[in-house]
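Single-letter residue listing:
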Amino acid sequence: MRLLVTLLVVAVGLCGHGGLAEDPYHFYEWNVSYGTVAPLGVAQPVILINGQFPGPKINCTSNNNILVNVFNNLDEPLIITWSGIQHRKNSWQDGTPGTMCPIAPGTNYTYKFQPKDQIGTYFYFPTTGLQRAGGGIGMLQVLSRDLIPVPFDPPADDYAIVLGDWYRKGHNTLQRILDSGRSIGRPDGIQINGKSGKVGDAAAEAMFVMEAGKTYRYRVCNVGMRLSVNFRFQGHSMKLVEMEGSHTVQNVYDSLDLHVGQCASVLVVADQTPKDYYFVASSRFFKDALSSVAVIRYKGSNAPPSPKLPPPPPENTEGIAWSINQFRSFRWNLTASAARPNPQGSYKYGKINITRTIKIVNSRYESNGKLRFGVNGVSHVDDKETPLKLAEYFGLADKVFAYDLVKDEPPAGHEIKPVVAPSVVNATFKGFVEFIFENHEKTIQSWHLDGYSFFAVAIEAGKWSPEKRKNYNLVDAVSRNTIQVYPGTWAAVMTTLDNAGMWNLRSEMRERAYLGQQLYISVLSPERSLRDEYNIPPTQQLCGIVKNLPPPAPYT
């Protein structure tokens, strides 16, 4: 990434909102191209950003204005999403096929967004087809403002780790497999920052360096396609301090589960004998165990790491119970002074009346002899020409999709044959909604909601019923944007739909999302006011049936 300039602008606000003085602007220029990298030790084509995989890190501060000029040098369309960034009043920049036209090959587009009232660890990735399996992934970290105290001392360094399962087949090959009606199957390995290390590799270079006696922050994101992972530091414990934008109660762990799409920050103290150690990432709840290591070196060390790795957590039923108990140990740090993520003002969320309950049940189907996935009997497909948000904004929604194919309760027979169509749920602005994710399958699920953080209040075995609410954590559940659902369990999250726009609720397993396990939530402000949602940016690309239409009357 090339950081062109950072400056303080005193002018009209980004996307039309005004102010006496704006927050700093960060300008980036990205060239997205193909290259050859060896994430699993064998050279293969990968999507690079400015020649890098993982892509360059975006490092900013809460409320900064971020402009990323993306040049698409691929031979296929490209869209980038900023997973976890809430884009307040600005789903125009969300970076999903339902909200934006793709960047055509040989052209460029500038994303403009602001991590408003956010801090924490996030990542970006391409949402077109199965491009995430080919790269174009990197970390986005948002620091607290200088005047807002952080609940731990400044670390000696701040390290970024993007890891996850990886396939040796290219993303276009994987997409063709899915288009033919088959599954892409099991991944081939786990990459850590674009590399896969093996125990005992004498030629392995240190990925990170620590100095004895100092404390380091490691930000870790699982950017894979399907596998949950567990990560741990050989010989060192770690203190969890942040998850997906929320400071946490600072519990100490020997290892942490990280499900697809999730990010966490831990502090590690270099308090052991100065030598080399391994950072270990291994698969969870996966029959054919996969693992990878990276070398962490104490400054001045010349002693190799021990070949004896810290053990992984248990697997199968016992492992699920272990992982659920770890989830229950996560608590929001309510005493920390920091920008608070959405829902705005709903810190005492346990006292807010629920206005709507939506139960989400995922299913696997065979539709016309081809593999599909769905939600409550509906398997989502993107319109081939017109993003759903654009059709809605221009008053042409009825020509592209029908609202509310997905019902609040899965209908009888929803697991037999899906409706294959664009899926948009109509929601009430500022309603306080409870989402119940119920997993009847044998594989773990991971769900993400764009545009919001939600309170992850419960995970339990069995099926959900209203009396289960008595088991919710209604005081200090972590506000986050991704939740795992184990086989035969349910998970409950709660959020205020106060961010107007159209937002993607999706499986973080990219095979499942590509084949229909997602939907969009339309949150419209009845007042059509700039207080609630920005106008379409004048630089927004138009395509499909709205390409040559004049813009509707602007919000005021």
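Scroll up to find the structure this text is about.
Below is a summary of the structure that appears in this document. (Residues numbered from 1 in each chain as written. Predicted model: local features only at pLDDT ≥ 70, side-chain atom pairs only at ≥ 80, totals over all residues. Heavy atoms only, no water.)

Digging into the packing of aromatic side chains
- Applying the stated criterion across every chain yields a total of 30 aromatic pairs.
- On the numbers, 6.4 Å between centres and 55 degrees between planes, the contact of tyrosine 472 with tryptophan 490 is tilted. Here the residue tyrosine 472 occupies a position in the loop between strand S29 (454–461) and strand S30 (479–480), and tryptophan 490 occupies one in strand S32 (residues 489–496), the gap between them amounting to 18 residues. Here the two residues tyrosine 472 and tryptophan 490 agree in accessibility, since each one is buried.
- Through pairs of rings, three or more aromatic residues link up here, namely Tyr159, Phe208, Tyr216, Tyr218, Phe231, Phe233 and Phe279.
- The positively charged end of lysine 389 is found above the aromatic ring belonging to tryptophan 92, 5.0 Å away from the centroid. (Phe/Tyr/Trp six-rings, centres within 6.5 Å; stacked < 30°, edge-to-face > 60°. Helix = DSSP H or I, 4+ residues; strand = E, 2+ residues; numbered from the N terminus. Buried < 20%, exposed > 50% of the residue type's maximum accessible area, 1.4 Å probe, protein only. Lys NZ or Arg CZ within 6 Å of the ring centre and 35° of its normal.)

Things to note about the pairing of strand S2 (residues 25–37)
- In terms of strand pairing, S2 meets strand S5 (residues 65–72) through eight bridges, oriented parallel. Opposite valine 32, over in S5, you have asparagine 72 as the bridge partner.
- Strand direction decides the pairing type here: S2 and strand S3 (residues 44–49), joined by six bridges, are antiparallel. Residue tyrosine 34 lies in a different strand from S3, and its bridge partner there is isoleucine 47.
- Joining the antiparallel neighbours S2 and S3 is a turn of six residues, in which glycine 41 adopts a positive phi near 95 degrees. (Pairing = 2+ DSSP bridges.)

Focus on the sheet that holds strand S4 (residues 58–61)
- Within the open sheet, the four strands sit side by side as S4-S9-S8-S6. Their pairing is mixed. Two strands close off the open sheet at either side, each with one partner strand: S4 and strand S6 (80–83). Here the average twist between neighbouring strands, direction ignored, is 20 degrees.
- Taken together, the five bridges between strand S8 (residues 120–126) and strand S9 (residues 138–143) define a ladder with antiparallel strand orientation. Bridging from a neighbouring strand, threonine 121 pairs with glutamine 141 of S9. (Axes fitted to C-alpha atoms, helices over the stretch in contact; angles between N-to-C directions.)

A closer look at empty space enclosed by the protein
- In this structure the tally under the stated criterion is four cavities of 30 Å³ or more.
- By volume, the largest cavity is sized at about 60 Å³.
- In this structure, the largest cavity is lined by Met243, Asp257, His259, Gln262, Ser323, Gln326, Phe327, Phe330, Arg480, Gln484 and Tyr486.
- Top contributing element to the lining of the largest cavity by residue count: helix H2 (residues 316–329), with three residues.
- Class assignment for the residues of the lining of the largest cavity results in four nonpolar, five polar and two charged. (1 Å grid on protein atoms, 1.4 Å probe; cavity = no way out; pocket = protein on both sides within 12 Å on 5 of 7 lines; lining within 4 Å. Points joined across faces, edges and corners; volume = space filled by probe spheres on them. Nonpolar A, V, L, I, M, F, W, Y, C, P; charged D, E, K, R; others polar.)

Description of the pairing of S8
- Within S8, seven of the seven residues are buried, leaving the element largely enclosed by the surrounding structure.
- Alternating residues of S8 divide into Gly120, Tyr122, Tyr124 and Pro126 and Thr121, Phe123 and Phe125, and every residue in both groups is buried.
- The sheet contact formed by S6 and S8 spans four bridges and is antiparallel. Bridge pairing links threonine 81 to phenylalanine 125 in S8.

Quick notes on the state of the cysteines
- Considering all chains together, one arrives at two disulfides under this definition.
- Disulfide pairing places cysteine 101 opposite cysteine 543 at an S-S distance of 2.1 Å. Because the torsion about its S-S bond is -95 degrees, the bridge between cysteine 101 and cysteine 543 counts as left-handed. In this pair, cysteine 101 sits in the loop between S6 and strand S7 (108–113) while cysteine 543 sits in the segment after strand S34 (518–524), placing the two residues 442 residues apart along the sequence.
- Residue cysteine 221 pairs covalently with cysteine 263 via a disulfide, S to S 2.1 Å. Looking along the S-S bond of the cysteine 221-cysteine 263 disulfide, the torsion reads about 115 degrees, which is the right-handed sense. Of this pair, cysteine 221 sits in strand S13 (residues 215–222) while cysteine 263 is found in strand S19 (residues 263–269), placing the two residues 42 residues apart along the sequence.
- Look at the protein chain and number its bonded cysteines as they come in the sequence; the links are 1-4, 2-3. (Disulfide = S-S within 2.5 Å.)

So, the sheet that holds strand S21 (residues 291–298)
- If you trace the five strands from one edge of the open sheet to the other, you get S12-S21-S20-S14-S18, paired in mixed fashion. The open sheet terminates on both sides in strands that have one partner only, identified here as strand S12 (206–210) and strand S18 (255–258). Looking at each pair of strands side by side, their axes are set apart by 25 degrees on average, direction ignored.
- Pairing of strand S14 (residues 228–233) with strand S20 (residues 276–284), which is carried by six bridges, proceeds in the antiparallel orientation. Opposite phenylalanine 231, over in S20, you have alanine 281 as the bridge partner.
- Packing against the sheet, H2 makes contact with S14, S18 and S20, and its axis sits at approximately 95 degrees to S18. (Contact = heavy atoms within 4.5 Å.)

Comments concerning the pattern of salt bridges
- Scanning the entire structure with this criterion turns up 21 salt bridges.
- Residues arginine 132 and glutamate 508 are paired through a salt bridge, measuring 3.4 Å at the closest nitrogen-oxygen approach. Remark: glutamate 508 occurs in the loop between strand S33 (501–507) and helix H4 (510–514) and arginine 132 occurs in the loop between S8 and S9; sequence separation between them is 376 residues.
- Owing to a relative accessible area of 2%, arginine 132 belongs among the buried residues under this scheme.
- Taking the relative accessible area as the measure of exposure, glutamate 508 reaches 0% and is therefore buried.
- Within this structure, Arg132, Asp450, Arg506 and Glu508 form a network of salt bridges that share partners. (Salt bridge = Lys/Arg side-chain N within 4 Å of Asp/Glu carboxyl O.)

A closer look at the side chain of serine 62
- For serine 62, the location among the structural elements is in the loop between S4 and S5.
- A polar side-chain atom of serine 62 sits 3.4 Å from a polar atom in the side chain of asparagine 63.
- From its side chain, serine 62 meets the backbone oxygen of glutamine 118 in a polar contact 3.1 Å long. (Polar contact = N/O pair within 3.5 Å; in protein donor to acceptor, adjacent residues only side chain to side chain.)

Topic: unusual backbone geometry
- Residues phenylalanine 53 and proline 54 are joined by a peptide bond in cis, for which omega reads -5 degrees.
- With respect to the secondary-structure elements, proline 54 resides in the loop between S3 and S4.
- One non-glycine residue, glutamate 244, adopts positive backbone phi at about 45 degrees.
- Looking at the element boundaries, glutamate 244 is found in the loop between strand S15 (238–243) and strand S16 (246–247).
- Positioned with a positive phi, aspartate 404 is a non-glycine residue whose angle comes to about 60 degrees.

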